[in-house]
Amino acid sequence: MANSGLIFDIQRFAVHEGPGIRTTVFMKGCPLGCWWCHNPEGITAQAELAFFEYSCIHCRSCAAVCPQGAIDFANEIFQQDRQRCTGCGLCAGACPTGARRIAGRVITLDQLMGEIERDTLLYDSSDGGVTFSGGEPLSQPRFLESALQKCKERGLHTALDTSGYAPADFFASLMGCVDLFLYDLKLADENDHIHYTGVSNKLIKQNLRALDDAGRGGDLILRIPVIPGITDTEKNIAGLRELVASLKRFRQIVLLPYHDVCEKYDRLGRTYEMPTCDAPTPRAVEDIRDAFLK
Amino acid sequence: MDIPAGYTVNEEVTKRKAVVRPVNERIARLRTESVRTPVTISAERAKLITEFYKSGAAEGLPMPVQRAMAFQYLMERVSLPIEEGQLLVGLRGAGPQEAPTYPEICAHSIEDLQILHSREKMPYRVDEKTVKLYSDQLIPYWKGRTIRESLMDSLPQAWHDAYEAGIWTEFMEQRAPGHTAGGERIFKTGVLDLKEEINRKLAVLRSDDPQYNDKRAELKAMDIAADAIIIYARRYAEKLDRIAEPEADPARKAELTAMASICRKVPARAPETFHEALQHYWFVHVGVIYETNPWDSLSPGRIDQHLEPFLTKDTAAGKLTGEQAKELLQALWIKINNQPAVPKVGVTAEESFTYNDFCKINVGGLKKDGSDGVNEISYLVLEALDEIRTLQPNTALLFSNKNPERLLRKALKVVAPGFGEPPFFNCDGVIVKMLRQGKTLEDARTSGVSGCVESGAFGQEAYILSGYFNLPKILEITLNNGIDPRSGKQLGLKTGDPTRFKSFTELWEAFVSQAKHFMEIKMKGNDLIEEIYARQLPVPFVSLWIDDCVENARDYNSGGARYNTQYLQLVGLGSVVFSLSALKFHIFDRQNTTMSELLEALGQNFAGQHEMLRQLMLNKTPRFGEDDDYADQIAIDIVDIAVKLIESHPPSPVRKASKRAYFLPTTVHVYFGKITGPTPDGRKAGEPVSEGISPVQGSDRKGIAAVLRSVAKCDWDKTGGALLNQKLTPDLLEGAENNKKVARLIRTFFNMGGHHIQFNVVSTELLREALARPADFQDLMVRVAGYSDYFVNLPRGLQEEIIARTIHA
């Protein structure tokens, strides 16, 4: 049992991540590297620095405390050496404006439960609960398992927002303490999947079938990101339809239209690899919906 | 499958426009007239009342009788406007959007009139004739005779110093005591019944009663006031007949004739039909706002319960269709919207910068016997609000756990397009508040909210708000050892040089001592003002309608009501909690800075090198509204100490009113901000302080659930109410699922002890566009405090403050 984990956010009054009013715990670390990832701060499994440049007043408090000498203000131009930065967080502590923040904090199980239980009354009144998201929550298997079990002990509804990319035996062992799976389906073709996310979709499909076989079809919502030119192609939609049709039980599908999150990458000093494109039009999203309804 | 919706400003505007859809063409026409007519000052009332007093007709008579005779003089002579196509009659002034003046209370100067006429926001047109009347007749006559002068002259220097420093405002300096909401008496009693009650009372009055003369005079006055309103209604009946006569359209002719016969019946006799009930109420309403200029005009109370028997009876008899009921209700709504607030100037204008006169419609809640009070009218009222979308009346959704959730959900659908109405009130919490104040269970259950968020026993209580109290300013004075840095005057106590404070407790105690000191001056002033109103401005007409003024033979302004309360409204909770948290955390706990350093920074308004410290305070302080016990405990303590300090004052000498605390701002947080120096929460001098009990604008970054939990930690049951603003993105109220979630959020907040919550559902982008191009957004209505208003009509500081409020997505 792991009694601490790494998270990068806790969102209360979450209304899009499962039934009722929920608290969503964003766990840090993800084995996938989707081009369009809209939570880049969830990808690495270490704390890292996020820099909100618009809040910086050039006071240099950060440079004064950085043990790595990773921050430089030579010629009044702010420079950050990301290679040297260890994400220790001293600069974030010293920054008076909150321009420097650390994405990723270690939280103990007790602390996490304390945060979650703040809104028990809201879950009770709305049939809500807790959603574990990320990152990929399955990337912190022991902490996730402990947290899910604790939630079940307290009678809380649990949802898991996952890519499904995890060892089959571990995935199977978790099924008992997850009330609802929010299961991402991205690309049907294995090569495409490897190309755009960095990993094969074999395990993902296997775990999905295991869920289906376990009779958990009713507790499953499939979530498909609509990424122009990548997941919304005719070929991919057909492939996904086929996959969905092969499942035994009725299931719900939610389409998640792409939106640009370039800014989030800038903050982390990373490059957004996604080619520039517009968000899908409502019409385009409707067409895909219709394709699934056919 | 659900597809998250994207939002553009244009879509938002289109959606808002589409919701205005009055029930029929007649109402649409009346609405257009009501909304388009500019607000004008009507000198008619001032002229008549001056004529009356000059005539000497009432000289030497007891004051209540003088006032009643003055009221009768008005009712016999005021204009009798009838809006084209209206179904109800009675209007203050000679037409829609006219605001009369009350020179016996506050006589405006020529300069006042010029400011009113020419100010950019919230102007009141004043014509040349009015200016001339004021300069030739009114000003010379009223000089030295007004209530405003009497009270300003009687208040001690210490009161004036604090008032000028902006430590408080004074509700009673331009407007009369009010906040009155009617109970069932208004809907069940005819004026002739009241006269009988008065005569019965007169007959048993004993001459050895030490108050015999006062009581007799008051009853006589009530009797005259009763006659006066009947006269007003009869004059209308005659006029209606007169205009019916040549009317070419047979349908309208029949309507006018029917209206005439209604005016012959009500308010003299109790109403028996739905139409009669509305006309009856409206006569009373107009009477109340002609008699004086009371705060918050008059509210019809628990209108769904009061009107239900009439609707049921008429519908059963086949005399009224649902459509007709709706039309009549909307006709009343237009009437209410046609009566702007009386002109306010100076500090009073700053604290209540709106045309809204706060007539509040309550729906929902419980019946006297504790059962669910929701009925068909509750829904009709919500529909009227939804379809009409006028500035007035204000609607309050009083929600009890015994009410069907359908009501709450329907109300949220009305909120969704973004006009800010209705706000939500915790009915079960109001009952607890009333019980704590000593009301009976039945009276507590028929209580409700009036004005912005003020709880009161409807039809039975005179709960008088006395003024706003500036908490951040108290802290500023504490940090300056009793000196107001703005004037350099020693206004407060010498509570010690703060740099010598060794602990937060010492600072806290100094703050409490200053608060106590100023509250004492204000509360003593309140009692004095109460005496002036009791003596100089009895209100025999209002007294007819509030239990138990007739029974006690005592005026509403002298303590005749069954319950009497005096409120002090505290402002800036969020700012003062944030500031105290910053002081405690950075100076005493973490020693990130010192008191001297902070005081120096405050002295220089955080200029130059002090910006670093400002940023630290602003960004690295445990904040109220983020469910952080460190800060929330300070809020809990402030609410507790404020209640304790205020309630420790003895009941007022005249009305025997108990003293209670409220937390609401209207628009005063902008004024208080203007005259308060920089605060330790990083707020710069002159910026608005926080509004209501909401966290400092933009500081609540953990979402709405955290805000509600922070707020609910305080013990609001000990107060009269507390106003909480929240801003939501439009998509959060879209669709049945979200509607349900927000409904459950509200219920949970109430179950945790919250009193009130209201939502501005408007995007920041839309507000910014409206700020840039006001001409294109004339009809953009937003939530301000306990009311909605046209965004473009708000003072600039308030516009920016509303934009700065955190938006929860």
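What counts, and where the lines are drawn
- Throughout this document, residue positions are counted from 1 along each chain, in the order its sequence is written.
- Lettering of chains starts at A and numbering of ligands starts at 1, both following the order in which they are written.
- Local features in a predicted model are, by the rule used here, given only for residues with pLDDT of at least 70; side-chain atom pairs are given and counted only at 80 or more, and totals for whole chains, interfaces and linings are based on all residues.
- Computation of side-chain values covers all heavy atoms of the structure but excludes hydrogens and water.
- A run of H or I in DSSP counts as a helix once it spans at least four residues, and a run of E counts as a strand once it spans at least two, with each numbered from the N terminus.
- With the radius of gyration taken over C-alpha atoms, the globule rule is written as 2.2 Å times the number of residues to the power 0.38.
- Per-residue accessibility, obtained with a 1.4 Å probe over protein chains only, is compared with the maximum for each type, and a residue is labelled buried under 20%, exposed over 50%, and partly exposed between these values.
- Shrake-Rupley sampling with a 1.4 Å probe provides the accessible areas, and residues are treated as covered by the protein chains on show and by no other component.
- A helix is expected to span 1.5 Å multiplied by its residue count minus one.
- Throughout, the edges of the domains are those of an automatic or database domain assignment.
- Within this document, salt bridges are pairs made up of a side-chain nitrogen of Lys or Arg and a carboxyl oxygen of Asp or Glu, the two lying within 4 Å of each other.
- Whenever two N or O atoms come within 3.5 Å, that pair is a polar contact, provided that in protein one can donate a hydrogen and the other can accept it, and provided that, for residues adjacent in sequence, both atoms are side-chain atoms.
- Charged means Asp, Glu, Lys or Arg here, nonpolar means Ala, Val, Leu, Ile, Met, Phe, Trp, Tyr, Cys or Pro, and polar covers whatever is left, Gly included.
- The method works on a 1 Å grid over the protein atoms by themselves. A cavity is a set of points holding a 1.4 Å probe that cannot get out, a pocket is an open set with protein on both sides within 12 Å along at least five of seven lines, and residues with an atom within 4 Å of a point line them.
- Grid points are joined across faces, edges and corners, and a volume is the space filled by probe spheres set on the points.
- Two rings belonging to Phe, Tyr or Trp (six-membered ring only in the last case) form a pair when the distance between their centres is within 6.5 Å. Interplanar angles under 30 degrees mark stacking, angles over 60 mark edge-to-face geometry, and anything in between is tilted.
- The criterion for strand pairing is that DSSP finds at least two bridges linking the strands in question.
- Angles shown run from 0 to 180 degrees and are taken between the N-to-C directions of axes, each axis being a line fitted to C-alpha atoms and, for helices, limited to the stretch in contact.
- What makes two residues a contact is simply this: any of their non-hydrogen atoms within 4.5 Å.
- Grouping buried Ala, Val, Leu, Ile, Met, Phe, Trp, Tyr and Cys residues that are joined through side-chain atoms within 4.5 Å yields what is termed a nonpolar core.

Along chain B, the regular secondary structure elements total 33 helices and 19 strands. Scaling as 2.2 N^0.38, a compact globule of 809 residues should have a C-alpha radius of gyration of about 28 Å, and chain B matches this with 26 Å. Taken along the three principal axes of its C-alpha coordinates, chain B extends 80 × 75 × 55 Å. The buried share of chain B, taken over its 809 residues, is 67%. Just so you have it, chain B exposes about 26400 Å², and 50% of that area is on carbon and sulfur atoms.

In an α-helix, one turn spans 3.6 residues, which is why side chains three or four residues apart end up on the same side. With 16 residues, helix α15 (residues 322-337) of chain B extends 23 Å from end C-alpha to end C-alpha; this agrees with the ideal 22 Å at 1.5 Å per step. By the criterion of burial, α15(B) is predominantly enclosed, with 13 of the 16 residues buried.

Residue and element names in this part refer to chain A. Per the domain assignment, the segments of chain A are domain 1 (4-46 + 104-293) and domain 2 (48-99). Centre-to-centre separation of domain 1 and domain 2, based on C-alpha positions: 32 Å. Glu48 is the salt-bridge partner of Lys28, the closest N and O atoms lying 2.6 Å from each other. Where domain 1 packs against domain 2, one counts seven residue pairs in polar contact (both at pLDDT 80 or more). Among the residues forming the side of domain 1 that touches domain 2, the class breakdown is two nonpolar, three polar and four charged.

Turning our attention to empty space enclosed by the protein. Residue and element names in this part refer to chain B. Under the defined criterion, the tally for this structure stands at twelve cavities of 30 Å³ or more. Estimates place the volume of the largest cavity at around 140 Å³. Listed by contribution, the elements that provide at least two residues to the lining of the largest cavity are β10 (461-470) and α22 (504-536). With four residues, the top contributor of residues to the lining of the largest cavity is α22. Taken together, the residues of the lining of the largest cavity sort by class into seven nonpolar, four polar and three charged.

In this section: the packing of aromatic side chains. For the structure on display, the rule yields 30 aromatic pairs over all chains. Seen in terms of ring centroids, A:Phe171 and A:Tyr183 are 6.1 Å apart; in terms of plane orientation they differ by 85°. Their pairing is edge-to-face. Residue A:Phe171 is located in helix α6 (residues 168-174), and its partner A:Tyr183 is located in strand β10 (residues 180-184); the two are separated by twelve residues in the primary sequence. Take A:Phe171 and A:Tyr183: they sit in the same class, and that class is buried. The interplanar angle of 50° and the centroid separation of 5.4 Å between the aromatic rings of B:Phe52 and B:Tyr73 together place this pair among those described as tilted.

The next thing to look at is the sheet that holds strand β12 (residues 252-257) of chain A. Two modes of strand pairing occur in sheets, parallel and antiparallel, and in both the strands are linked by backbone hydrogen bonds. Residues and elements named next belong to chain A. A sheet is described by the order of its strands in space; here eight strands give the open sequence β7-β1-β2-β8-β9-β10-β11-β12, paired in mixed fashion. Unpaired on one side and paired on the other, β7 (105-108) and β12 mark the two borders of the sheet. When the angles between neighbouring strand axes are averaged without regard to direction, this sheet yields 30°. Of the strands in this sheet, β11 (220-226) and β12 touch helix α11 (residues 282-293), which is tilted by about 160° from β12.

Time to look at the nonpolar core. With 274 residues, the main nonpolar core has B:Phe274, B:Phe424, B:Leu580 and B:Phe759 as its most contacted residues. The element that contributes the greatest number of residues to this core is α22(B), accounting for 14 residues. Sequence-distant contacts of B:Phe759, defined by excluding residues within four places in its chain, comprise B:Leu412, B:Val415, B:Gly420, B:Phe424, B:Ile704, B:Gln726, B:Leu728, B:Val742, B:Ile746 and B:Arg783. Counting residues in hydrophobic clusters, the runner-up holds 50 residues, among them A:Ile7, A:Met27, A:Leu211 and A:Leu243.

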